[in-house]
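Here is how the chains run, residue by residue.
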Amino acid sequence: MVVEGRRPLLFVESKWSDAEPDRSLRYLVERFPGTESWQVSATGVKDYLTPQGIRVAPALALLRRLI
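Everything quoted here is computed from the prediction, not taken from an experiment. (Residues numbered from 1 in each chain as written. Predicted model: local features only at pLDDT ≥ 70, side-chain atom pairs only at ≥ 80, totals over all residues. Heavy atoms only, no water.)

Trainee: Where do I start with the environment of D18 in this structure?
Mentor: Inspection of the secondary structure assignment puts D18 in the loop between β2 (7-15) and α1 (23-31). For D18 and S37, which are 19 residues apart along the polypeptide, the C-alpha to C-alpha distance reads 16 Å. Residues contacting D18, with those up to four places away along its chain left out, are S41, G44, V45 and K46. A polar atom in the side chain of D18 sits 3.3 Å from the backbone nitrogen of K46. (Helix = DSSP H or I, 4+ residues; strand = E, 2+ residues; numbered from the N terminus. Contact = heavy atoms within 4.5 Å. Polar contact = N/O pair within 3.5 Å; in protein donor to acceptor, adjacent residues only side chain to side chain.)

Written out as structure tokens, the structure reads:
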């Protein structure tokens, strides 16, 4: 989680391989709508956006976006 002040800016959940978004990440997205949310994987290849707005992608996709 990346926070500025008391406001969350980015949620990141990491997994070893492709998996559905964790329920704790889905809860945070519901609790803080509009916060950018990612579930990244070390070895996965799937790259998609869930109906809740969570980006599921390989970790390199997030790293590329950050630099």
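Trainee: Please clarify how empty space enclosed by the protein should be interpreted in this entry.
Mentor: A probe matching the size of a water molecule, rolled over the atoms, marks out where space remains unfilled. Counting across every chain of the model gives one cavity of 30 Å³ or more. The calculated volume of the largest cavity comes to roughly 40 Å³. The wall of the largest cavity is formed by S17, D18, A19, Q39, V40, S41, K46, V56 and A57. Within the residue set of the lining of the largest cavity, elements represented by two or more residues are β3 (36-41) and β5 (54-58). By residue number, the principal contributor to the lining of the largest cavity is β3, which donates three residues. Class assignment of the residues belonging to the lining of the largest cavity gives a composition of four nonpolar, three polar and two charged. (1 Å grid on protein atoms, 1.4 Å probe; cavity = no way out; pocket = protein on both sides within 12 Å on 5 of 7 lines; lining within 4 Å. Points joined across faces, edges and corners; volume = space filled by probe spheres on them. Nonpolar A, V, L, I, M, F, W, Y, C, P; charged D, E, K, R; others polar.)

Trainee: I would appreciate a short explanation of the side chain of Q39 in the present structure.
Mentor: For Q39, the location among the structural elements is in strand β3. Within the local environment of Q39, its side chain forms a polar contact with the backbone oxygen of E20, the two atoms lying 3.1 Å apart. In contact with Q39, other than residues within four places in its own chain, are E13, K15, A19, E20, P21, D22, L25, I54, R55, V56 and A57.

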